[in-house]
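What follows is the residue order along each chain.
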Amino acid sequence: WLIANGSLAQDTVITGVVVSAVIALAFAAFARVYSVIRWSPRVIFYYLMYLGVFSIELVKANLNVMRLVFSPRINIKPGIVEIKTALKSPIGRLALANTITLTPGTLVVDIRDDSLFVHWINISTTDPVAATEAISGRFEKYLKVVYG
């Protein structure tokens, strides 16, 4: 909106914010996804904590993959590991899968019941409990409060 208008004038910015808010509210009204979240101060706090943890882990994962790419000798063990999740809601599992996929070095390739199958660029363990803690443990405790 701002690029198309080529201006940072106050009326242009306010119009963009209002139009964006109306569009977002219209889509949110038709999406049943948001009805599973019971908004409260605790949920908002945990959601903000999740965003902070995700941001930190995203930077760390990018630096780790960058280190692997620029190393003179790539010494990795890629493979698929199974991790277990305690999240019960489908949207919670989806949020966890997307979070894992967005961090470089991991990619969720399948979800079955309470298991996520993750392609990991450098497997450090094949034990499901240890792999779960290494891959999703940082995110799941926050997503459990937000999505149940």
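No experiment lies behind these values; they were computed from the predicted model shown.

Caption draft 1: Main features of a nonpolar patch on the surface. Residues W1, L2, L8, V13 and V17 make up a contiguous nonpolar surface patch of roughly 520 Å² in combined accessible area. Inspection of the secondary structure puts L8 in the loop between helix 1 (2-5) and helix 2 (10-30).

Caption draft 2: Highlighting the pairing of strand 1 (residues 79-84). Along strand 1, the buried face is formed by G79, V81 and I83; none of I80, E82 and K84, which line the opposite face, is buried. As paired elements, strand 1 and strand 3 (residues 115-120) share six bridges and run antiparallel to each other. By the bridge assignment for strand 3, V81 is matched with V118.

Caption draft 3: Representation of the side chain of E140 within the structure. With respect to the helices and strands, E140 occurs in helix 6 (residues 137-147). With near-sequence residues (within four places) excluded, E140 lies in contact with K84, T85, A86, L87, L96 and T132.

Caption draft 4: View of the sheet that holds strand 1. If you walk across this open sheet you meet the three strands as 1-3-2, and the pairing is antiparallel. Each having just a single partner strand, strand 1 and strand 2 (106-112) make up the two edges of the open sheet. Averaged over all adjacent pairs, the angle separating strand axes in this sheet is 30°, with direction ignored. Relative to the sheet, helix 4 (residues 90-102) contacts strand 1, strand 2 and strand 3, its axis offset from that of strand 2 by approximately 155°.

Thresholds applied
- Residues numbered from 1 in each chain as written.
- Predicted model: local features only at pLDDT ≥ 70, side-chain atom pairs only at ≥ 80, totals over all residues.
- Heavy atoms only, no water.
- Patch = residues over 30% accessible without salt bridge, like charges linked within 9 Å, V, L, I, M, F, W, Y side chains within 5 Å.
- Areas by Shrake-Rupley, 256 points an atom, 1.4 Å probe, with all protein chains shown as cover.
- Salt bridge = Lys/Arg side-chain N within 4 Å of Asp/Glu carboxyl O.
- Helix = DSSP H or I, 4+ residues; strand = E, 2+ residues; numbered from the N terminus.
- Buried < 20%, exposed > 50% of the residue type's maximum accessible area, 1.4 Å probe, protein only.
- Pairing = 2+ DSSP bridges.
- Contact = heavy atoms within 4.5 Å.
- Axes fitted to C-alpha atoms, helices over the stretch in contact; angles between N-to-C directions.

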